[in-house]
Amino acid sequence: MLDTLRTLFLTALHAFHRRATVQYPEQKPYLPPRYRGRIILSRDPDGAERCVACNLCAVACPVDCISLQKTEADGRWYPEYFRINFSRCIFCGFCEEACPTYAIQLTPDFEMGEYARPNLVYEKDDLLISGTGKHPDYSFYNVAGIPIPGKDRGASERERPPVDLHSLLP
Amino acid sequence: MTYTALTTIIFTPLVILGLATVLTWIERRLLGLWQDRHGPNRVGPGGMFQAVADGTKILFKQDWIPPFADRGVFVAAPAIGMMTVLLSFAVIPVTMGAGIAGNMNVGLLFVVGMMGLGVYAVVLAGWSSNSKYALLGGMRAAAQMISYEVFMGLSLLGVVMMAGSFNLHDIVAAQTGLWFIIPQCLGFGVFMLAGIAETHRLPFDLPEGENELGAGFHTEYSGMKFGMFFIAEYAGIVLVASLVTTLYLGGWRGPWLPAGVWFALKTGGMVGFFILLRAGLPRPRYDQLMALGWKVLLPLSLFNVMATGTILMLRASL
């Protein structure tokens, strides 16, 4: 009996507590930088596309929402088209984990509602941003041992020049 | 029949129905208040028109009668529920001389009788639905409401003895000096509990028991038939609150403010308390509910009748 009255009293006291609700459209919730929202494609610090069209993201995607086609230009790989169907995407972040070049990244934005379903299919133009995203200094071709025009084999960061097989010197 | 009486008869049910509809919004806001959230606050100022939106929606919903149901009874049940509650309001004295039949000499008996008839709505709904959960809900409702009716009647006896009348006007008039809640505190407690059980409100909403019976007796109801049960329940809350006000809290009596305002304030406070009960208390098990009724409330109300009678007799003989 007293327990019941105490319960009622404590419940009534909750009228003076702070509301737990975030009044969403007027009051935006805090989203941490690693929040898994809208997917973007980022660029190198020097402005080139990071994506090398390796298809690992498309393979890792559990719902097969990523579709891309490789093409080659200036001696390196690019996606000819890169398409994410956001009506399928489950925002698991596996693509970001699979990406060897930090190209594909998830961002703290979820406000992407559409009235027509086809509008949820994002093409490369929609996905590509002008910045570097979460990894400002990373450039894949600067650390990978792959020669591209303007950078020879062995010229990458923390990489020694290749051994000259024809030389007898140690 | 005079013109005013006719308008009263037409407008009273409309006002009560409107009140019950708005009460659904008030309840949700209050529950939100006590659960650290806001409740519906989007439609209109403070979410005021949520009730209108809900009402519009439920009016346009498909009103489906299951093919296995007993059609006639199925349709009649919600109407009975609504009717008994609305009829009970006829004798509630809002102010001196107000009400459709405010001066009825057996007003209290009329209310208790109407509440007794209200059991039919729930039982018939559960029976005619012809499905397990609805039947279980109806069965629980029958047991719960009929047993709590006993204590309700007994708890009211104290008030009737002190006022010497079944007339609700006279009962309010008898509370001139002291509200009956003080001398009749036991009866007040029992009547409150019985009233909650009668309207099958939380925490005594076992006939509905969402998490065990689907929706209990109105599992098979949809559209406005369900809406009728819903509105009747909220009108029932207002009814029990206004009865508590009339019987124990001195009715329209109070200083400074007009009589009607006092009545509304007290009734509103009681409704708020009912909602607080819902916010704060869990639902008891079914056998606990019956045990509380027969092992605690019945002896208490009998003791109350005996004590009140003894004191009145002693006072009369002195």
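Residues numbered from 1 in each chain as written. Chains lettered and ligands numbered in written order. Predicted model: local features only at pLDDT ≥ 70, side-chain atom pairs only at ≥ 80, totals over all residues.

An unreviewed UniProt entry lists chain B under the name NADH-quinone oxidoreductase subunit H, from Komagataeibacter diospyri. Quoted verbatim from the Subunit (unreviewed entry) field of the UniProt record, the comment on chain B reads "NDH-1 is composed of 14 different subunits. Subunits NuoA, H, J, K, L, M, N constitute the membrane sector of the complex." (UniProt positions renumbered as here; feature names shortened; annotations may be inferred.)

Looking up chain A in an unreviewed UniProt entry gives the name NADH-quinone oxidoreductase subunit I, with the organism given as Komagataeibacter diospyri. Per UniProt, chain A carries the Sequence similarities (unreviewed entry) text "Belongs to the complex I 23 kDa subunit family."

Trainee: Honestly, the overall build of chain A in this entry has me stumped. Any pointers?
Mentor: The helix and strand inventory of chain A stands at 5 helices and 5 strands. Listed by position from the N terminus, the elements making up chain A come as α-β-α-β-β-α-β-β-α-α. Relative to the 2.2 N^0.38 estimate, which gives 15 Å for 170 residues, the radius of gyration of chain A is 25 Å and therefore markedly larger than a compact globule would have. Its C-alpha atoms give chain A principal-axis dimensions of about 95 × 45 × 25 Å. The buried share of chain A, reckoned over its 170 residues, is 15%. Of the contacts made within chain A by residues no fewer than 6 positions apart, 69% connect residues no fewer than 24 positions apart. (Helix = DSSP H or I, 4+ residues; strand = E, 2+ residues; numbered from the N terminus. Rg over C-alpha atoms; globule rule 2.2 N^0.38 Å. Buried ≥ 20, exposed ≤ 12 C-beta atoms within 10 Å, placed from the backbone. Contact = placed C-beta atoms within 7 Å.)

Trainee: Would you mind showing me how to read the sheet that holds strand S5 (residues 121–122) of chain A here?
Mentor: In sheet architecture, strand pairing relies on hydrogen bonds along the backbone and comes in two forms, parallel and antiparallel. Residues and elements named next belong to chain A. An order of S2-S3-S5 is seen for the 3 strands of this open sheet, with the pairing classed as antiparallel. Of all the strands in the sheet, the pair left with one neighbour each is strand S2 (66–73) and S5. For S2 and strand S3 (residues 76–85), the ladder comprises 8 bridges, and the chain directions are antiparallel. Among the inter-strand pairings, Leu 68 is bridged to a residue of S3, identified as Phe 82. (Pairing = 2+ DSSP bridges.)

Trainee: What is the right way to read the nonpolar core from this model?
Mentor: Soluble globular proteins: nonpolar side chains tend toward being buried together. If you look at the biggest cluster of nonpolar residues, it comprises 84 residues, and the most contacted ones within it are Ala 194, Ala 235, Val 238 and Val 244 of chain B. It is helix H9 (residues 223–248) of chain B that contributes the most residues to this core, 16 residues altogether. Excluding its chain neighbours within four sequence positions, the residues that come into contact with Ala 235 of chain B are Ile 16, Ala 20, Val 85 and Leu 86 of chain B. Formed by 20 residues, the second largest nonpolar core is a distinct cluster that contains Phe 82, Cys 99, Ala 103 and Tyr 122 of chain A. (Core = buried A, V, L, I, M, F, W, Y, C linked by C-beta atoms within 7 Å.)

Trainee: How do you make sense of helix H7 (residues 185–198) of chain B when you look at a structure like this?
Mentor: In an α-helix, one full turn covers 3.6 residues, which means residues spaced three or four apart are oriented alike. All names here are of chain B. Compared with an ideal rise of 1.5 Å per residue, which puts 14 residues at 20 Å, H7 spans 19 Å between its outermost C-alpha atoms and is within 8% of the ideal. Buried residues dominate H7, accounting for 11 of its 14 residues. Here H7 has its buried residues at Gly 187, Phe 188, Val 190, Phe 191, Met 192, Leu 193, Ala 194, Gly 195, Ile 196, Ala 197 and Glu 198. On its buried side, H7 packs onto helix H4 (107–128), helix H5 (132–163), H9, helix H10 (259–280) and helix H11 (286–317). Looking one or two residues past H7, His 200 carries a phi angle of roughly 35°, positive in sign. (Expected span 1.5 Å × (residues − 1).)

Trainee: Hey, could you run me through the interface of chain B and chain A in this one?
Mentor: How big an interface is tends to be reported as the loss of accessible area on association of its parts. Chain B puts 11 residues into the contact, and the matching count from chain A is 12 residues. Mapped onto the side of chain B that touches chain A, the elements with two or more residues apiece are helix H1 (3–34) and H10 of chain B. Top contributing element to the side of chain B that touches chain A by residue count: H10 of chain B, with 4 residues. Considered class by class, the residues forming the side of chain B that touches chain A number 6 nonpolar, 3 polar and 2 charged. (Nonpolar A, V, L, I, M, F, W, Y, C, P; charged D, E, K, R; others polar.)

Trainee: Sorry, what's going on with the UniProt feature "binding site: [4Fe-4S] cluster 2" (unreviewed entry) in chain A here?
Mentor: Residues and elements named next belong to chain A. According to UniProt, the feature "binding site: [4Fe-4S] cluster 2" (unreviewed entry) maps to Cys 61, Cys 89, Cys 92 and Cys 95 in the numbering used here. Spanning 35 residues, the named residues form one tight spatial group whose C-alpha atoms are at most 10.6 Å apart. Checked against the element boundaries, Cys 61 lands in the loop between helix H2 (56–60) and S2. Cys 61 gets classed as buried once you count the C-beta atoms within 10 Å, which come to 20. In contact with Cys 61, other than residues within four places in its own chain, are Ile 66, Phe 94 and Cys 95.

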